[in-house]
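Topology and contacts: notes
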Amino acid sequence: MPTLHFKTAEGYRKNMAYRHIHDIPDTAKDVVVAGKTHVVKHSTNPKRVKIDSAQRKKEAKQKRGSGK
């Protein structure tokens with residue numbers, strides 16, 4: 001799993017907000033903020049379904065089409 005590097009905690013929070021808004025799962029195990037490593041605990045909720053980018057695009061396209 002990759003390690004994400006951020007200069008500030010605010011940058012990390014903005015990245016997490018972006019991922020949440022666009023329903024992009026966070027795959028990083030370690031996060032480095034201002035040179036300090038933080039270990040990330042991912043959700044173990046079995047109800048949370050992770051979908052790949054092709055499925056995400058397909059669902060977004062269907063949502064846009066249904067609004068017409």
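From a predicted model like this one, the values you see are computed outputs, not experimental measurements. (Residues numbered from 1 in each chain as written. Predicted model: local features only at pLDDT ≥ 70, side-chain atom pairs only at ≥ 80, totals over all residues. Heavy atoms only, no water.)

A short note on helix 1 (residues 9-21)
Given 3.6 residues per turn, any residue in an α-helix points the same way as the ones three and four places further on. Compared with the 18 Å implied by 1.5 Å per residue over 13 residues, the 18 Å span of helix 1 between its first and last C-alpha is a close match. Backbone geometry just after helix 1 places Asp23 at a positive phi near 55°. (Helix = DSSP H or I, 4+ residues; strand = E, 2+ residues; numbered from the N terminus. Expected span 1.5 Å × (residues − 1).)

Some remarks on the pattern of salt bridges
What the rule picks out here adds up to one salt bridge. The salt bridge partner of Lys14 is Glu10, with a shortest N-O separation of 3.5 Å. Placement of the pair is Lys14 and Glu10 together in helix 1, with a separation of four residues, close to one helical turn. Since its relative accessible area comes to 54%, Lys14 is described here as exposed. Exposure remark for Glu10: the relative accessible area of 44% places this residue in the partly exposed category. (Salt bridge = Lys/Arg side-chain N within 4 Å of Asp/Glu carboxyl O. Buried < 20%, exposed > 50% of the residue type's maximum accessible area, 1.4 Å probe, protein only.)

Geometric values such as these leave the question of function open.
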